[in-house]
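# Descriptive analysis of the structure
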Amino acid sequence: MFHVEPPDFDVIVVGAGHAGCEAAAAAANMGCSVLLVTMNMNTIAQMSCNPAMGGVAKGQIVRELDALGGYSGIITDKTRVQFRMLNSKKGPAMWSPRAQSDRMRFAEEWRATLEQIPNVHFWQDMVASLLVKDGVVYGVRTGMGKSFTGHTVVLTNGTFLNGIIHVGEKQLSGGRSGEKAATGLTEQLEQLGFESGRMKTGTPPRVDGRTINYAALEEQPGDEAGGRFSYQEVPGMPDTQLPCHIAYTNPEVHAILERGFEQSPMFTGRIQGLGPRYCPSIEDKIVRFADKTRHQLFVEPEGWRTCEVYLNGFSSSLPEDVQLAALHKVEGFEKARIFRPGYAIEYDFFPPHQLHLTLETRLVRNLYFAGQINGTTGYEEAGAQGIMAGINAALRVKQQGEFILGRQDAYIGVLIDDLVNKGTNEPYRMFTSRAEYRILLRQDNADLRLTPLSHALGLASDERMQAVAAKKTAVKEIHRLLQSYNFAPEEINGWLSARGESPLSQKTRAASVVLRPQVQLAGLLRDFSAFADRLGNYPADHIEQAEIQLKYEGYILKEQQMAHKMTQLEDLSLPENFDYDKINAISNEGRQKLKQIRPRTLGQASRISGVRQSDISVLLVYMGR
């Protein structure tokens, strides 16, 4: 194998978006020297789209990032303007934290955090090409002609690879508004044998909040109790929140937008890239949901000290005058002014079946891809890939194996497994429905699941591990106390009746009372002082964890058994050079996909799109199982 001795750096990270920041921080905190190359030092961790982190399934990812020792959750907590727990009226598997951030403070805090990590070094320039020899990457060359060598390279180019911005009939080269595109890398990677494609995404106009009539909108406040992403206490968290608002389109808005379709790059064919199914442009929504007379718009503040507002749900690439005319027909926006119009952006990506589960590329050793270069969308998905690529790049430098999360371990494991084994023909977005074991992968227990793994890598501190141990101990103690405390009928029946629960006929253990659907442990602690005194003064998250484990014990056990069955297939390894052509009973499509992806285990093979269950059965027979 080709090596450079000594390299300038252990890990070179290209791009300082959410993937690049998490990759650089993880590798550096594991003891590697890291060079972070970005085209603009002033836009590190820029929130290019909406000023928010989390949401359905995405919030679980942010909590997993925090449990792994990443920074996305901490920085969101420090810079939040609003926090909400989505789906709180459903079961805990669906609870999803989401926070609005101060856009400028978020980026500022990320840069300050990276600058405080001694092993992270910076260089402002465009990476024009990779240094590759004998199938191994050993560095990068920048647009100014400067070369840096490294043991490993992580590409996190976002939307910058040959990016084209579309506003109506105008086309501009750019990676996002006001920033130039990156050129040269796609062409080199294609010459090295990589398959590339085009995707598109979009963003709405930014509105001057001073020109919005908020009295005509629905107010959407944050949770009264607040909340946070990080499992550790975050100093300096804001103690107040800003409200968001909700507006609606109407038939007049739709009619104006439709008149501009002949100038829309999406409908005239100038945009060829694959667009996001679950975050469509406003013009796409009008066509796809022609029966709808209105669409919801979320009016999101950009920060504490700015009047700029993000109009979530109004993403558009129509001409500026059409966007503004339609916007003026939205109630509350009759006199609105915009700071900049919405636009669509096309960019290159590389189908992720070309990766190992470590996010290392199959064609070039020591080269890792993370973020939108793999066909994903969203800050959270990017950050998740970034931390995993950074960890594995560092492990490669240290010659300490690899780090892979399974589908039963984390939403991050589901994300990467989906990308590598199923690929994506549209910008990939995480949903709870993608996870088979979402009762196991809740947002409340990411620390219990992942912090021990992170601590073993050297990322999570001893203090974090002590906090996890204390939480586990507290949960056991609470369960024991719930089994030992008894409620008398005369003590609690009135309370139960007020909540629609049937009365007790005899003394009953508190654990059994908590199992009732309309009973919350926090309510019992609030309303029964003797019970509260007996239970002790445990932190709210420990009490919540104990209650969830108690109420959903049967469901949790069932999913654990299902996960165990699947991990048995993961224990059956397949040789990388396995000759699938010699097994005639495998379907043609299955053989093609198995040869393309080269799964490491039968478990991975079973999840590849196009591989049938009968193909797995044939492989099991062939392997003597």
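The sections below set out a description of the structure shown in this document. What you see is a predicted model; the values in this text were computed from it and never measured. (Residues numbered from 1 in each chain as written. Predicted model: local features only at pLDDT ≥ 70, side-chain atom pairs only at ≥ 80, totals over all residues. Heavy atoms only, no water.)

We now examine the nonpolar core. Counting 101 residues, the largest nonpolar core has Leu155 and Leu367 as its most contacted members. Listed in part, the 27 residues of the second largest apolar core include Leu481, Val514, Leu521 and Ala532. (Core = buried A, V, L, I, M, F, W, Y, C linked by side-chain atoms within 4.5 Å. Buried < 20%, exposed > 50% of the residue type's maximum accessible area, 1.4 Å probe, protein only.)

What follows is about the pairing of strand 16 (residues 296-301). The sheet contact formed by strand 15 (residues 244-248) and strand 16 spans four bridges and is antiparallel. Bridging from a neighbouring strand, Ala247 pairs with Leu297 of strand 16. (Pairing = 2+ DSSP bridges. Helix = DSSP H or I, 4+ residues; strand = E, 2+ residues; numbered from the N terminus.)

Looking at where Asn87 falls in the secondary structure, it is placed in the loop between strand 4 (80-86) and strand 5 (96-101). When sequence neighbours within four positions are dropped, the list of residues in contact with Asn87 reads Val56, Met94, Trp95 and Ser96. Of note is the side chain of Asn87, whose polar atom sits 3.2 Å from the backbone oxygen of Met94. (Contact = heavy atoms within 4.5 Å. Polar contact = N/O pair within 3.5 Å; in protein donor to acceptor, adjacent residues only side chain to side chain.)

Right, let's talk about unusual backbone geometry for a bit. In the Ramachandran plot, Asn162 falls in the positive-phi region, its phi being about 50° despite a non-glycine side chain. Counting through the fold element by element, Asn162 comes out in the loop between strand 9 (147-155) and strand 10 (164-167). Exposure remark for Asn162: the relative accessible area of 19% places this residue in the buried category. Backbone geometry at Asn366 places phi at a positive 70°, although glycine is not the residue there.

In this section: the pairing of strand 1 (residues 9-14). With six of its six residues buried, strand 1 lies for the most part within the structure. The pairing of strand 1 with strand 9 spans five bridges and is parallel. Directly across from Val13, in strand 9, lies its bridge partner Val154. Taken together, the four bridges between strand 1 and strand 2 (residues 34-38) define a ladder with parallel strand orientation.

What follows concerns the packing of aromatic side chains. Enumeration according to the criterion identifies 15 aromatic pairs in this entry. Considering the side-chain rings of Tyr485 and Phe487, the 5.1 Å spacing of their centres and the 70° angle between planes classify their relative orientation as edge-to-face. Judged by relative accessible area, which is 10%, Tyr485 ranks as buried. Given the relative accessible area of 0%, Phe487 is considered buried. An aromatic cluster of three or more residues is present, and its members are Tyr485, Phe487, Trp495, Phe528 and Phe531. Its guanidinium or amino end placed over the ring of Trp123, Lys146 lies 5.7 Å from that ring's centre, counting from NZ or CZ. (Phe/Tyr/Trp six-rings, centres within 6.5 Å; stacked < 30°, edge-to-face > 60°. Lys NZ or Arg CZ within 6 Å of the ring centre and 35° of its normal.)

Moving on, we get to the pattern of salt bridges. When the charged atoms of two side chains with opposite charge come close together, those side chains can pair. Inspection of every chain in the model, using the stated rule, returns 35 salt bridges. Close ionic contact of Arg407 with Asp418 constitutes a salt bridge, the shortest N to O distance being 2.8 Å. Of this pair, Arg407 sits in the loop between helix 10 (379-398) and helix 11 (411-422) while Asp418 sits in helix 11; the two residues are 11 residues apart in sequence, bridging distant segments of the chain. Its salt-bridge partner being Lys422, residue Asp418 comes within 3.5 Å of it at the nearest N-O pair. Note that Asp418 and Lys422 are positioned in helix 11 at a spacing of four residues, about one turn of the helix. (Salt bridge = Lys/Arg side-chain N within 4 Å of Asp/Glu carboxyl O.)

So, about the sheet that holds strand 5. The antiparallel open sheet is built from three strands, whose spatial order is 3-5-4. A single partner strand is all that each edge strand has here, and the edge strands are strand 3 (52-54) and strand 4. Between one strand axis and the next, the sheet turns by 15° as a mean value, whatever way the strands run. (Axes fitted to C-alpha atoms, helices over the stretch in contact; angles between N-to-C directions.)

Another point: the sheet that holds strand 14 (residues 218-220). A sheet is described by the order of its strands in space; here six strands give the open sequence 14-15-16-17-13-18, paired in antiparallel fashion. Among the strands making up the open sheet, the edge pair consists of strand 14 and strand 18 (338-340). Each adjacent strand pair in this sheet contributes to an overall mean axis angle of 35°, direction not counted. Direction of pairing for strand 13 (residues 206-208) relative to strand 17 (residues 308-312): antiparallel, over a ladder of three bridges. By the bridge assignment for strand 17, Val207 is matched with Val309.

Right, let's get into helix 10. For helix 10, spanning 20 residues, the distance from its first C-alpha to its last is 28 Å, which sits close to the expected 28 Å at 1.5 Å a residue. Most of helix 10 is tucked away: 17 of the 20 residues are buried. Just downstream of helix 10, Gln399 is the residue with a positive phi angle, here 55°. (Expected span 1.5 Å × (residues − 1).)

As a further point, take the side chain of Arg206. Mapped onto the elements of the fold, Arg206 is located in strand 13. A residue is classified by how much of its surface remains accessible, and Arg206, at 2% relative accessible area, is buried. For Arg206, the side chain forms a polar contact with the side chain of Glu302, separated by 3.5 Å.

In the contact formed by helix 2 (residues 58-67) and helix 10, the axes pass within 9 Å of each other and the chain directions differ by 30°. The angle between the axes of helix 2 and helix 10 places the two elements in the roughly parallel class. As for how helix 2 packs across helix 10, the hand of that crossing is left-handed. Contacts from Lys58, Ile61, Val62 and Leu65 in helix 2 reach Glu380, Glu381, Gly383, Ala384 and Ile387 in helix 10. (Parallel < 35°, antiparallel > 145°, perpendicular 65-115°, else oblique. Left-handed = near helix turned anticlockwise from the far one by under 90°.)

It is at 8 Å that the axes of helix 6 (residues 251-259) and helix 9 (residues 320-327) come closest, and there the two elements cross at 170°. As summarised for this structure, helix 6 and helix 9 are arranged roughly antiparallel, according to the angle between their axes. Where helix 6 abuts helix 9, its residues Val253, Ile256 and Leu257 lie against Val322, Ala325 and Ala326. Partitioning the contact of helix 6 with helix 9 into residue classes produces six nonpolar, no polar and no charged. (Nonpolar A, V, L, I, M, F, W, Y, C, P; charged D, E, K, R; others polar.)

The residue Thr156 is located in the loop between strand 9 and strand 10 in this model. On the accessibility criterion, Thr156 (6% relative accessible area) is buried. Setting aside its immediate chain neighbours within four residues, Thr156 contacts Val13, Val14, Gly15, Ala19, Gly20 and Ala370.

Attention shifts here to helix 11. Between its terminal C-alpha atoms helix 11 stretches 15 Å, which fits the 16 Å expected from 12 residues at 1.5 Å a residue. In terms of burial, helix 11 is largely enclosed, as 11 of its 12 residues are buried. For helix 11, the secondary structure elements touched by its buried residues are helix 2, helix 10, helix 20 (588-597) and helix 21 (602-606). Just downstream of helix 11 lies Gly423, where phi reads positive at about 70°.

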